[in-house]
Every structure is written in C-alpha cells, then in structure tokens.
Amino acid sequence: MTDYKMHLLICGGTGCKASESDEIKNRLNQLIHDLGLEDEVQVVLTGCFGFCEKGPIVKVLPDNTFYVQVSPNDVVEIVEEHIVKGRPVKRLLYTDPTNDKQISDSKGMDFYKKQIRIALKNCGFINPENIDEYIARDGYQALGKCLSELTPEEVIKEVKDSGLRGRGGGGFPTGLKWEITKNVENDQKYVVCNADEGDPGAFMDRSILEGDPHSVLEAMAICGYCIGADKGLVYIRAEYPLAIQRLKIAIKQAEEYGLIGDDILGTGFNFHIELRYGAGAFVCGEETALIHSMEGLRGEPTFKPPFPSVSGYMGKPTNVNNVETFANIPVILNKGAEWFSKIGTEKSKGTKVFALAGKINNVGLIEVPMGTTLREVIYDIGGGIKDGKEFKAVQTGGPSGGCLTKEDLDIPIDYDNLLASGSMMGSGGMIVMDENDCMVSIAKFYLDFTLEESCGKCTPCRVGNKRLYELLDKITQGKGEEQDIEKLKDLSVVIKDTALCGLGQTSPNPVLSTINNFEHEYHAHVHDGKCPAGQCKSLLRYDIVEDLCTGCTLCFRNCPVGAISGERRAPHFIDQTLCIKCGVCYEKCKFNAITLT
Amino acid sequence: MPKIKLAENTVQLIKDICVEFENKESELINVLHQVQSKLGYLPAEVQEVIAKELKTSVAKVYGVVTFYSFFTMIPQGENPISICMGTACYVRGAEQVLNEFKRQLKVEVGESTEDGKFSINCLRCVGACGLAPVVTVGEKVYGRVAPTDVKKIIAEYHNR
Ligand SMILES: Cc1cc2nc3c(=O)[nH]c(=O)nc-3n(C[C@H](O)[C@H](O)[C@H](O)COP(=O)(O)O)c2cc1C
Ligand code: SF4
Ligand code: SF4
Ligand code: SF4
Ligand code: FES
Ligand code: FES
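Residues numbered from 1 in each chain as written. Chains lettered and ligands numbered in written order. Predicted model: local features only at pLDDT ≥ 70, side-chain atom pairs only at ≥ 80, totals over all residues. Heavy atoms only, no water.

**Quick notes on the site of ligand 1**
All names here are of chain A.
- Not every one of the 18 residues close to ligand 1 is listed here, only the nearest: Gly168, Asn194, Asn321, Asn322 and Thr325.
- With respect to ligand 1, the side chain of Asn321 contributes an N or O atom lying 2.8 Å from an oxygen atom.
- Across the complex, the protein chains shield 88% of the 610 Å² of accessible surface that ligand 1 would expose by itself.
- Going through the elements one at a time, β11 (318-322) and α20 (502-506) are the ones with two or more residues in the shell around ligand 1.
- With 3 residues, β11 is the largest single contributor of residues to the shell around ligand 1.
- Considering only residue class, the shell around ligand 1 consists of 3 nonpolar, 9 polar and 6 charged. (Near = heavy atom within 4 Å. Polar contact = N/O pair within 3.5 Å; in protein donor to acceptor, adjacent residues only side chain to side chain. Areas by Shrake-Rupley, 256 points an atom, 1.4 Å probe, with all protein chains shown as cover. Helix = DSSP H or I, 4+ residues; strand = E, 2+ residues; numbered from the N terminus. Nonpolar A, V, L, I, M, F, W, Y, C, P; charged D, E, K, R; others polar.)

Rendered as structure tokens:
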C-alpha cells in the first residue's frame, strides 16, 4: 500500500450523495492529479458520517478537520489552502450554534460527544469498497479467532454473556437464538440477515451496509460457524442500490481473500453468502414473510411456531438477525462480553443506533448507549427543535410504535422503559414533532401506511385497519362524532388481539398512543371543529379583514386557484368554495389583513 | 387495457433472463427485478412469458407482481417524479408538495401525464431524511422542496 500523507474522506452516504458528494470527489481527484499529488493524498468515499444535516461532509486526515456543507465549488479552495498550504478553510468549519465558535474536530461537537460508536464504529472512517481498510481496523480478526481458537459453544456463550438483544425490533437475546438454532439437528441450515428496513423514515441498516458492509458479512460467517450453517443470505430492499452495490463488492473481496467461501483460513469451515432482493413490502421485514419472499412467493407471514430457528428457509433451520445486531458481533468478540455488558442498562446492553429526523436541528444517524435520555438525544445531540418551536412528541418504533411526550423526556431509553411508556424501541426510527404537528393526522398517516402494507391475509388487519383509517379521516375532516373516539379505542384493542402477525398486532399502536397522550386534541377536532395544530385543512378558514386590506393585489396575484377577487386599492375577498387552503395569501400579505381561523 | 404484442426481441430478452436464473420458479422475484429493470414495467403480456418460462401459473406471477409495490404494471413517464412520503418527509410538509405536483401536472399518484412526459409516484424514505422533504426525478434528488419550488422543477424537464 502507498503511504499517503493525507486522506480526504468524503461522505458517500445517500444523503450526501444527493447533494453532489460524487461531484466533490471527482473534482478533488482531478485537482490532486493535476497537481501531481496522487501519491501523497488519497481521496476516499466513505459511508454516512451521521451528521447528515450538515452534509456533504469532507474530513481531512491526519488533522481531523471536519468540513460541513461543502459544495463542488469549494474544492479548489480546500486543495489550494488546506492541502497545499496547510491552512484549514475556516468558512467551511462547523459553527457551534450555542456560542458561535468554530469547531474543526468532530470530537468537540455536541452532536458527537454523547455518542458511543460500536455498530457504526467504521462508518465514516473507512472506504467501504476496500477490504484492506476494514482489516486494518481489526476486521475479520474475530472470525479468525473463533475459527482457530474457540468452539461454537464458547462463541455462543460470549454472545450470551454480552447481553446483546436483537436490534430489529423484537429485542430477543441474540446468543439464545443462536443456541436454539444450533441445537436443532439438520444437515442444512441457513443464516439470514434481515436488511429489509421497512420503517419509513429510518436509514440505520442501510447506512451500516453502505458504510461498513464487511462487519455484517464477518458476523454472518461467525453465526454460521456457531449454528452449523454453510450458507448465508442477505435479504435487502431493491430500493437500496448503493447498499446492494457495496455488499456485492464486499462479498467479492472477502471471497478473494479467502475469508468467505470454502475452507476459510484453512480451517475447513465453508460459508457462502448470497443476496436476495425485497421488492417494497413492509410486511416482508417480518421474518416468516421474509422467508416466503426469499422462496419466490408472496411475502405473507405464517403463524409461529414453528419459528425459523426450527423450520425456516426451504423448511430448514434458519437464524434470522437484523443488520445492526450483526454489526455488534465482531466488536463484542474482539473486546469481550464483559466490556460490552458494562455499557447500557441492566436489561439492555450496549448501544442503539437511531435515525433522528423530523423537526429537529441535527437530522442524522446517531449511536448512543442504552440508558441515554430522550432529552439528551433531542437537545444535546439533536440540537433542539427546528426554528425555535416547542417540542411536542417523538415517535419511536415507526408504524408499530407510539409517541413519547414531554413527560417522557427524562426516562432512560431502553427496551423495557419504552414499552412501559406506551411506545417501543423498534428498529431505530426517531421522528421528532413540534407544536405544529397534529397528532390525529400523524395517527392517520401511519394507518394509511399500514393499510397499504397489510398483506390482506387476515380480516382484523385488512378490514379493521381500514375502519380505523376511515374514522380518523372523518375526524380530520371535522365530521367526527362523540362516540368515534371510543370506537377507535375498542376497535384497536380487537385488532391487536386477533391479527395474525406483528404488523396487524402493532398497527393500532399509533392510534392508541396518540389518544392516550393527546386525547384533548381529538376532542378539539370532534367537539370544537378545530385543529389545534392548524394542520387539518378542512378545519381551516382564511379570511380577509376588510379594514386592514389595502387592495395591493399581492394575494390575488399569488393565489394558485384564483380564489381571490377584488379591485386594485379596494378590499379583496376570498371565495371559500374555491380556496384550497394553501396559505400562500396568508404568507404573502404584508398588511396582516388575512386571518386564519 | 388493449393487448399489446411483444416484439420478438423483447420475448427473447425475457427468455434469456429466465435462463440466467436456470428457469427456477423459486427465482421468480429475481427474474421480475431483472425484467423490470430492462423494460421499465411488467405488463400482463410480459408476465405470461415469464410464467411459461418458469413453468408456473400466470396467476402466481400476477399475485407476486401485485403484492410488491416495487413492481409496476403501468409504464412510467419519461421523467418519473417520486415524492418521498416517509415519516420524516411527511412531518416536513411532503403532502403539500405532492398536492402541488398533482395540481400542476393534473394527474393522480400512479398516473402519467397525457404527453407521457411525467408520472407521479410516492416513495417511503429514500434515506436522505436530512434533506426532507425529498423529491426525485429519475436519478436526480431534490432536497428541502417547498410547494413553491414545484413549478421550477417541472420547468427543468419540460423543454427537454
Ligand atoms: C411487520 C414487521 C416488520 C418488521 N420489519 C423488520 C425490519 O425491517 N428489519 C428487521 O431487522 N426486523 C424486522 N422485523 C422483526 C423480524 O421479524 C425479526 O424479529 C428480526 O429480524 C430478528 O432479528 P433480531 O433478533 O436481530 O432483531 C419486523 C417484524 C414485523 C412484525
Ligand atoms: S396481520 Fe396484516 S400483515 Fe399480518 S398476516 Fe394479517 S393481514 Fe397480513
Ligand atoms: S395582500 Fe393583503 S392587503 Fe394586499 S390585497 Fe391581499 S389581503 Fe389585501
Ligand atoms: S389559501 Fe391559497 S387558495 Fe385559499 S385564497 Fe389563499 S392563496 Fe388562494
Ligand atoms: S449521508 Fe453524509 S453524513 Fe449522513
Ligand atoms: S422520509 Fe423522506 S428521505 Fe427519509
């Protein structure tokens, strides 16, 4: 390998790629080539750094300078000033919003200070398309150790002792699952990695696969060694082209190095990995549905038991784990169960990756120790609510989860505490909402999603959720009746109790949880015909106050549907039958002549 | 929908893809992925060829195609517009953006404009939540889109 003096790491995560990080990379390469520096400076496209809000991000090593919101036009300055003259480009540094000081090393940023990176340890540090960089950071060391020094029982014991629980939502102890699958007698078994990531608004698993694909492959091979499987399958969504491409490259490189394939490291252990593609069905994240989908069928869930550990892919014992669960394994085996189990709370060990999004200043991917409070996540790491608005709620667990409110800000986040507060850990989506978000609409949004995603196999889910949706729709239209709220509650309970799979059993959770925490908002819609958050359009009305209107015609010219009429310099009027409540006139009027009620 | 007759080389292309997957019924989803990536969509006629090649029923192929939202039976517009309706985009106003696209193009979700230039679809999280609300047109990603940007975006493609 060439001994580079400097490395430029450019974020190649989906968010930054969407803001031209590829172009930044190309221009950097070109310029470095023009200056004849290609033997001294290496340009590397990495996975997501986490701080997506400030992307595209460029990091310079060895001095750890962290440039934010870089545009292709900044490339010349970075090269001429920083690389050639050694002077960091100040205007591209991150500014701490609390004191306006510039920070050049990410370690000093509040966003990173409270994070501990285990699953994301390599994301943003290595080139995911180069296996050597993974190996240089202890990659495949755990696999080597397992194969040459430890028995499957010893490895399983280590995983059990670590206290690791499944990160795909259920929280089942990982070591125990491996042990169960190991103990089922069969000459053919499978290891499956669940990379379906169906929660809309979550991108943890994708980021791990894009940023550090080898960690998942290594863990799958270790799992195969433990349970006695020689074949691994990654079930990944076709909508994740970058992650698929990086996985393919990683598998090929690992095969070339003899780390995957036949007779791995000369130990006689064989393990092959293949990809299987999902096709956009949320329910396929459920493990039995996922297995049917891999078999080429409609991805409909089947009743458990039998669990996949006993009868899974092609009827063979199959160990299904989530991407993030796997990503923890190599680190646990390298650093030891004891080290891992010291992080976190009593019953939830280690860390959790969250995709923090919504009305928050620092949207991004974060990894925090279990037991961190919501307040720390939202205010310290997330930098608080956007535009100085007031925090209202945060949804965890996606469409299967619930919302947490101001009262929950100080509970330590772990599997059990979130359940006790009426939500759940889920796979790690964390959507922050502010005072302008209507909770009835949010519940409706999730139900709309469930409806579209229900596989239709059982009636409570197929028909019941439709009824729930219709009731919510009626309420947001201002046509709700007194008994509708009770109906929502009763029906929710019935669906939860009778649906066949996890999708239906959890689909009413957003409804129950928003009613629980924000019943007054439901009442306001039903009794007063008002949406307190001002979101439900049918309940809004824009009017022009005659006395204040100067007749400047600005609103008239901007209304997209021609709902406003009036002579120049005379009061204008809104035709309520035409108005689509877009709010443009309200924003445009310079004389505060338009009211919103 | 009127029946279309597939061109000879289209049929051959589908057959070749099936052979690539050893004409195995269990590879149906992979075959569909490949065919859709080549043809853009999976109309009934195409499904018939696939069913025949994999020695399975048309009903089964149809069942799989309609189950998965990634597969589509209608052709997309020249410039497929996708509005992200993932939660992060939704709370940052994706619905208003969607409505504005529908209004300006006078089509509903899943439809194409009469001239075939545009089609509108919804997606669930494209993984760029930091840029919410997100809209993609073909491969290009637009971030932090406001309803007032919609006109500009459409205009970019109108004169091509
Ligand atoms: C409707 C539904 C959707 C699910 N989606 C996912 C998913 O996207 N990713 C995932 O890893 N697990 C998902 N699960 C959980 C899986 O069924 C399974 O428990 C998990 O993959 C096991 O891995 P773990 O023990 O490592 O968490 C889903 C479950 C249900 C009921
Ligand atoms: S609960 Fe819903 S998704 Fe699950 S099997 Fe029944 S219909 Fe299908
Ligand atoms: S913009 Fe305001 S002041 Fe001007 S015509 Fe409209 S309502 Fe009247
Ligand atoms: S809210 Fe929109 S549609 Fe209604 S009058 Fe104002 S500009 Fe026109
Ligand atoms: S995608 Fe670049 S920081 Fe997340
Ligand atoms: S929700 Fe739209 S990009 Fe994630």
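**Thoughts on the site of ligand 2**
- Around ligand 2 lies a shell of 13 residues, among which A:Cys455, A:Lys457, A:Cys458, A:Cys461 and A:Cys501 are the nearest.
- Looking at the shell around ligand 2, its residues break down into 9 nonpolar, 3 polar and 1 charged.

**As for the packing of helix α9 (residues 204-211) of chain A against helix α11 (residues 241-256) of chain A**
Residues and elements named next belong to chain A.
- The interhelical angle for the contact between α9 and α11, taken along N-to-C directions, is 40°, at an axis separation of 8 Å. Remark: the crossing between α9 and α11 carries left-handed chirality. The residues of α11 that touch α9, namely those facing Arg206, Leu209 and Glu210, are Leu242, Ala243, Arg246 and Leu247.
- For the contact of α9 with α11, the per-class residue count stands at 4 nonpolar, no polar and 3 charged. (Axes fitted to C-alpha atoms, helices over the stretch in contact; angles between N-to-C directions. Left-handed = near helix turned anticlockwise from the far one by under 90°. Contact = heavy atoms within 4.5 Å.)

**A short note on the interface of chain B and chain A**
- Contact with chain B, which involves 35 residues of that partner, is made by 53 residues of chain A.
- The contact between chain B and chain A buries some 3,300 Å² in all, and 59% of this surface belongs to carbon and sulfur atoms.
- One can count 3 salt bridges joining chain B with chain A.
- Our count for the contact surface shared by chain B and chain A stands at 15 residue pairs in polar contact (both at pLDDT 80 or more).
- Elements represented by at least two residues in the side of chain B that touches chain A include exactly α2 (28-39), α4 (58-67), α5 (87-91) and α6 (94-105) of chain B. (Buried area = accessible area lost by both parts, 1.4 Å probe. Salt bridge = Lys/Arg side-chain N within 4 Å of Asp/Glu carboxyl O.)

**Looking at unusual backbone geometry**
Residues and elements named next belong to chain A.
- Cis geometry marks the peptide bond from Gly55 to Pro56, where omega comes out at -10°.
- Secondary-structure assignment places Pro56 in the loop between β2 (41-46) and β3 (58-61).
- Of note, the bond from Lys304 into Pro305 is cis; its omega dihedral lies within 30 degrees of zero at -5°.
- The backbone phi angle of Lys581 is positive, close to 60°, even though this residue is not glycine.
- Structurally, Lys581 is set in the loop between β19 (573-574) and α23 (584-588).

**Re the packing of aromatic side chains**
Residue and element names in this part refer to chain A.
- One pass over the structure, following the stated rule, counts 18 aromatic pairs over all chains.
- Measuring from centroid to centroid gives 5.8 Å for Phe49 and Phe66, while their planes differ by 90°, and the two rings are edge-to-face. Highlighted residues: Phe49 in the loop between β2 and β3 and Phe66 in strand β4 (residues 65-67), separated in sequence by 17 residues.
- On the basis of relative accessible area, Phe49 is assigned to the buried category, the value being 5%.
- Between Phe51 and Tyr112, the ring centres sit 6.1 Å apart and the planes meet at 85°, which makes this aromatic pair edge-to-face. Of this pair, Phe51 sits in the loop between β2 and β3 while Tyr112 sits in helix α4 (residues 110-113); the two residues are 61 residues apart in sequence, bridging distant segments of the chain. In this pair, the class of Phe51 matches that of Tyr112, namely buried.
- Linked through ring pairs, Phe49, Phe51, Phe66, Tyr94, Phe111 and Tyr112 together constitute an aromatic cluster.
- The ring of Tyr415 carries Arg165 above its face, with NZ or CZ at 4.3 Å from the centroid.
- For Lys352, the ring lying beneath its charged end belongs to Phe354, and the centroid distance is 5.8 Å. (Phe/Tyr/Trp six-rings, centres within 6.5 Å; stacked < 30°, edge-to-face > 60°. Buried < 20%, exposed > 50% of the residue type's maximum accessible area, 1.4 Å probe, protein only. Lys NZ or Arg CZ within 6 Å of the ring centre and 35° of its normal.)

**Let's talk about a positive patch on the surface**
- On the surface, A:Arg557, A:Arg568, A:Arg569, A:Lys588 and A:Lys590 cluster together to form a positively charged patch.
- By the element assignment, A:Arg568 lies in the loop between β18 (564-565) and β19. (Patch = residues over 30% accessible without salt bridge, like charges linked within 9 Å, V, L, I, M, F, W, Y side chains within 5 Å. Lys, Arg positive; Asp, Glu negative; His and termini not counted. Charge placed at Lys NZ, Arg CZ, Asp CG, Glu CD.)

**Let's talk about the pattern of salt bridges**
- Evaluated as defined, the whole model comprises 50 salt bridges over all chains.
- Between A:Glu53 and A:Lys386 there is a salt bridge, with the nearest N and O atoms lying 3.3 Å from each other. Here A:Glu53 is found in the loop between β2 and β3, whereas its partner A:Lys386 is found in the loop between α15 (374-381) and β14 (391-396), with 333 residues between them in sequence.
- Accessibility expressed as a relative area gives 7% for A:Glu53, which makes it buried.
- Of the charged contacts, one joins A:Lys487 and A:Asp484 as a salt bridge, the two residues approaching to 3.9 Å between their closest N and O atoms. Here the residue A:Lys487 and the residue A:Asp484 both occupy positions in helix α19 (residues 484-498), the gap between them amounting to 3 residues, near one helical turn.
- A:Lys487 gets classed as partly exposed once you look at its relative accessible area, which sits at 42%.
- The network of salt bridges with common partners includes A:Glu53, A:Lys386, B:Arg92 and B:Arg144.

Without other data, these values stay purely geometric and don't point to any function.
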